[in-house]
Amino acid sequence: MPAVASTLLHAPLAQSGEWSALLVAITVVGELLAILFVYRVLVRGGSPASTVLWIAVILAAPWLGLLLYYLFPRRLQLRRLRRVRVRRAKLRGARSRSGRGRPGQGRGDLAALLAADDGAGLVDGNHVTWLPDGGQFFVAAEAAIDAARSHVHCVVYILRPDATGLRFLAVLERAARRGVAVRLVYDSFGSFGLGASHLQALRAAGGRVEAFLPILWKRRPFTINLRNHRKLLVCDGHTGFVGGRNVADEYLTDRFGEQRQWLDAMVQVRGPVVERLQEVFVEDWCTATEEVLEDVFPAVPAAGTRRVGVVCSGPDREFSGLWFAVVQAIGEAKSSIDLSSPYLVPPPQLLFALQLAATRGVRVRIFTNGARSEAWVLHHAQRSFYARLLASGIEVHESIDDYNHAKVMVVDARVVAIGSANMDLRSANLNFEIAVVVLDAPELADDVIATIERRRTGSRRIGPEDLPTGVVPRLLDAACGLLSPIL
């Protein structure tokens, strides 16, 4: 009996020792992996703020930090993107030799920057229509799809299976039944509620639908942090739509809740520059399917007099044409900059460019969302930038009740940029984004500014008296501001 009692007494102690050894082993392995991943974070580069944040999280909680780093990858290494880019360059070179020039080459201005993209970034002979209302856009888009005879290509971040989304899918299905090649790419995270049952009719009609980087992706599971945020529609290679509108009820009705307005914007583009929009779709289609489309570039005659450039950004690109163009346009501003963005967490380069412009005497106005419309953390993060913006003489206007989703910039009432990118670090570093830049377009600029002024009646200008003064509010803003690299 004493021997049995001794065995029973020492069993828990033995088990306790085994668990302690296991915990020590897990801790040691975690620390070793943390050191390895800190090395990877450092050598891969990136913004100092983002790098420091990742290092701090990994070292403070190794296993949690490693899990988050795996779930939220920062870069894509896709061989198929390199293949499609080589193929695209060959196709573009052949078309360029057919007579298209390179406007702006040899100068150091915005036109030269746009034209530097292999001669395809800036194109003459286009017509641009401003579509600030949801009804205008969806009517124009449906008419363009119904008139299509060759193909309809669409990339969208949010395609919600509500009344508006289902009607849009029905319009695409109608085109597919006519024999039109319909190709739709939707973001698997933004369109999370979109199921196979919602797409069955379109696919049965011959349309092709692909998710962009599914969350459970065969090469890198949980690529949740790299999203295709573009909103792009191309019909027959000669008509395109670009802007901030997704496909859902609020984007059609311009209503946010029961009484508040949803403010957004799109443009319709016709003319040779649509070829560049088509090239962006070809890249996204190749990313989603590994298929390279080569026979979707018809000769497009001039449709107007506008010079239009197409600029993109994404984690697959070493250089961001979109943000280069935005900073260049701000640097060339002489009198005014009007900028609308739902999120105001600017990358350092953009913040510096805006501050420098205001210091030169340029009137800079930024229109964003107020506390009632914006997510709690995002609003506190953007408030952490207000003191610096106001100190530079920059006007900040917050919506009161409405939600401002428009991504628009007007410089000197002549240059207009409209696209999908927000003024935040996510759009700058992680999202796939697109925009069009229209040069020497005072009439278009007047229309855009008129829309901004009309919407400004539902906003308030932030002044120094609106900045937090208490210890807790200031600490809260600063703490949320630290999260800006991953918001």
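Treat the numbers as computed from the prediction; the structure is a model and nothing was measured.

Thresholds applied
Residues numbered from 1 in each chain as written. Predicted model: local features only at pLDDT ≥ 70, side-chain atom pairs only at ≥ 80, totals over all residues. Heavy atoms only, no water. Helix = DSSP H or I, 4+ residues; strand = E, 2+ residues; numbered from the N terminus. Buried < 20%, exposed > 50% of the residue type's maximum accessible area, 1.4 Å probe, protein only. Contact = heavy atoms within 4.5 Å. pLDDT = per-residue confidence, 0-100. Phe/Tyr/Trp six-rings, centres within 6.5 Å; stacked < 30°, edge-to-face > 60°. Expected span 1.5 Å × (residues − 1). Arc of directions from axis to C-beta. Axes fitted to C-alpha atoms, helices over the stretch in contact; angles between N-to-C directions. Parallel < 35°, antiparallel > 145°, perpendicular 65-115°, else oblique. Left-handed = near helix turned anticlockwise from the far one by under 90°. Core = buried A, V, L, I, M, F, W, Y, C linked by side-chain atoms within 4.5 Å.

K.L.:
Explain the overall build of the protein residue by residue, including any values.
P.N.:
The helix and strand inventory of the protein stands at 17 helices and 20 strands. For the protein, the proportion of its 487 residues judged to be buried stands at 54%. Long-range pairs, those at least 24 residues apart, make up 80% of the contacts in the protein between residues at least 6 apart in sequence.

K.L.:
Before we move on, could you go through the confidence of the model for the protein and cite the residues and values that matter?
P.N.:
Within the protein, residue pLDDT values average 85, and 83% of them lie at 70 or more. For residues 74–78, every residue scores under 50 in pLDDT, and the model assigns this stretch 22 contacts once sequence neighbours within four places are set aside. Scored below 50 in pLDDT, residues 97–106 makes 16 contacts in the model with residues more than four places away or belonging to other chains.

K.L.:
Got a sec to walk through the packing of aromatic side chains? Specific residues and values, please.
P.N.:
Within this structure, the stated rule accounts for eight aromatic pairs. Aromatic pair F256 and W262: ring centres 5.8 Å apart, planes at 65 degrees, arrangement edge-to-face. Judged by relative accessible area, F256 falls into the partly exposed class, the value being 23%. You can call W262 buried: its relative accessible area is 8%. With 5.3 Å between their ring centres and 50 degrees between their planes, F256 and Y403 make a pair best called tilted.

K.L.:
Describe in detail helix α16 (residues 442–456), supporting the description with residues and values.
P.N.:
In a regular helix each residue adds 1.5 Å, so 15 residues correspond to 21 Å; α16 covers 20 Å between its end C-alpha atoms and thus fits that length. Buried residues of α16: L444, A445, V448, I449, T451, I452 and R455, and no others. Taken down its axis, α16 places every buried residue within 155 degrees of arc, on the same side.

K.L.:
I'd like a description of the packing of helix α11 (residues 321–332) against helix α12 (residues 348–359), backed by residues and values.
P.N.:
Two elements in contact, α11 and α12, have axes whose closest approach is 9 Å; the angle formed by their N-to-C orientations is 15 degrees. Comparing the axis directions of α11 and α12 gives the class roughly parallel. Here the hand of the crossing between α11 and α12 comes out left-handed. Across from W323, V326, V327 and I330 in α11, the residues of α12 making contact are L350, A353, L354 and A357.

K.L.:
Provide a residue-level description of the nonpolar core, including the pertinent values.
P.N.:
Most often, soluble globular proteins keep nonpolar side chains buried together rather than apart. Grouped together as the largest cluster of nonpolar side chains are 47 residues, with contacts concentrated most on I330, I337, L354, V364, L389 and M409. If we ignore the near neighbours within four places in the chain, the residues touching I337 are I330, A357, V362, R363, V364, R365, M409, V410 and V411. One finds V128, F212, L293 and A406 within the second-largest nonpolar core, a separate group that totals 44 residues.

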